[in-house]
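For reference, the chains in residue letters:
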Amino acid sequence: KEAIHNYSQGSYNLNNHNILSFKHENIINTLPIKSLFPSYINTNFRQGNFGADSLNYLSNKSYTFNFQHGNFTDILFVNSFFNYSYYNTFLSDEILQSQNSLFSKKIFANDKSAYTFYFSIDRFFKSLHSNINFNFINYTTYSTNNINNQVLKNFKIESNRYIVKVRSVFKGIFNYSISTNFDFIKSNTLQSHNSNLNNQSNIDLNLNFNNQNLQINLEKYYINIYSKHNQQFSFVDLRYDYLIKNTKYKFSLFLNNVLNTSHYFTNVPTQTGFVMSDYKLRGRNFLISVQMRL
């Protein structure tokens, strides 16, 4: 169970459109059950984890400040917050890594800090019948790890995400949604500096007639933009719905992975290099469904 001490919060209405709020927490956590095992367990191919072999408490302090301008239904809405957390005691990893294996053991460490900054702005443009949204999210943490019996102090991970979305609200038969986001992740120690930049873009098109609807989804991924081995993956999905007039029946056709993309991967920097996850995908396929309302 989790216990919270010295909990306090408050908010101030600066005026009719601006609200400033804060929250402070002192938190004591028990260890999660999955971390309490006194021996190695196999977690993946040539990988194993050793749990914490003693019961201890994890404590941290958290400070959050939030600023809000307007409401979500207004033409202009701004929301932002800043959070700072300090961990007196936390679970870290003692890692033994070789060319063919990776084993980690949970250990107790002290003095970890992390902060998060979030900023979002929504603006509705009546002349375009569209809403434009911009988000920025930053997460940074400083902690301590032990790799191959070498202590890494002030090990830093920083993640920055930029997101832009445009969504239409036309009253006619056509609407669209376009979004793109950039993820920039950095991992820094005294011995290594690893980083990567990924991008994902989406286009959703919707055609809605009296008894028919067509949805088209397009996705594009760019992995490791800074790298010479920049990879691109594209996906297209279609859905068509047809409702028979004056009946309870609706027919749907799903056409997935139109471009027949066979796989894609993700790549995340760590204190020792990169972790790549490769996903095999089902090939081009379709499905026909019939629905009946009771």
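Residues numbered from 1 in each chain as written. Predicted model: local features only at pLDDT ≥ 70, side-chain atom pairs only at ≥ 80, totals over all residues. Heavy atoms only, no water.

Draft legend 1. View of the overall build of the protein. The helix and strand inventory of the protein stands at zero helices and 17 strands. When each of the 294 residues of the protein is scored for burial, the buried share is 30%. Across the protein, every contact between residues at least 6 apart in sequence was considered, and the portion connecting residues at least 24 apart equals 50%. Of the roughly 19,000 Å² of accessible surface on the protein, a fraction of 56% belongs to carbon and sulfur atoms. (Helix = DSSP H or I, 4+ residues; strand = E, 2+ residues; numbered from the N terminus. Buried < 20%, exposed > 50% of the residue type's maximum accessible area, 1.4 Å probe, protein only. Contact = heavy atoms within 4.5 Å. Areas by Shrake-Rupley, 256 points an atom, 1.4 Å probe, with all protein chains shown as cover.)

Draft legend 2. Local environment of unusual backbone geometry. Positioned with a positive phi, N257 is a non-glycine residue whose angle comes to about 55 degrees. On the accessibility criterion, N257 (7% relative accessible area) is buried. Residues other than glycine seldom take positive phi values, yet N260 does so here, at roughly 60 degrees. For N260, the location among the structural elements is in the loop between strand 14 (249-256) and strand 15 (263-269).

Draft legend 3. A look at the pattern of salt bridges. Counting across every chain of the model gives four salt bridges. Between R161 and D183 there is a salt bridge, with its nearest N and O atoms 2.5 Å apart. Taken together, the positions of R161 in strand 9 (residues 150-168) and D183 in strand 10 (residues 174-188) put the pair 22 residues apart, joining distant regions of the chain. Across the pair D241 and R239 runs a salt bridge whose closest N-O atoms are separated by 3.1 Å. Accessibility expressed as a relative area gives 8% for D241, which makes it buried. By relative accessible area, which is 27% here, R239 ends up partly exposed. Three or more residues are tied together by salt bridges with common partners; here these are K156, E158 and K186. (Salt bridge = Lys/Arg side-chain N within 4 Å of Asp/Glu carboxyl O.)

Draft legend 4. Region of interest: the pairing of strand 4 (residues 47-50). Residue alternation in strand 4 divides its side chains into a buried set, G48 and F50, and an unburied set, Q47 and N49. Bridging between strand 4 and strand 7 (residues 102-125) involves four bridges; their strand directions are parallel. Looking at strand 7, one finds that N49 is bridged to S104. (Pairing = 2+ DSSP bridges.)

Draft legend 5. View of a nonpolar patch on the surface. On the surface, Y12, L14, L20, F22, Y63, F65, F82, Y84 and F117 cluster together into a nonpolar patch covering about 820 Å² of accessible area. Looking at the nonpolar patch, the elements that each hand over two or more residues are strand 2 (18-30), strand 5 (57-69) and strand 6 (76-97). Of note, L14 is situated in the loop between strand 1 (2-13) and strand 2. (Patch = residues over 30% accessible without salt bridge, like charges linked within 9 Å, V, L, I, M, F, W, Y side chains within 5 Å.)

Draft legend 6. Structural context of the side chain of N138. On the secondary structure map, N138 appears in strand 8 (residues 130-147). Reaching out from N138, the side chain makes a polar contact with the side chain of T140 at a distance of 3.3 Å. At a separation of 2.6 Å, a polar atom in the side chain of N138 contacts the side chain of N160. Residue contacts for N138: discarding those within four places in its chain leaves Y115, T116, F117, E158, S159 and N160. (Polar contact = N/O pair within 3.5 Å; in protein donor to acceptor, adjacent residues only side chain to side chain.)

Draft legend 7. Looking closely at the packing of aromatic side chains. Overall, the coordinates contain 13 aromatic pairs when judged by the stated rule. Between F117 and F136, the aromatic rings sit 6.1 Å apart at their centres with planes inclined by 55 degrees, giving tilted as the arrangement. Of the two residues, F117 is situated in strand 7 and F136 in strand 8; the sequence distance between them amounts to 19 residues. A relative accessible area of 32% means that F117 is categorised as partly exposed. For F136, a relative accessible area of 16% corresponds to the buried category. Plain terms: the ring middles of Y264 and Y279 are 5.2 Å apart, the flat faces sit at 20 degrees to each other, and that makes the pair stacked. In this pair, Y264 is assigned in strand 15 and Y279 in strand 16 (residues 274-280), connecting sequence segments 15 residues apart. (Phe/Tyr/Trp six-rings, centres within 6.5 Å; stacked < 30°, edge-to-face > 60°.)

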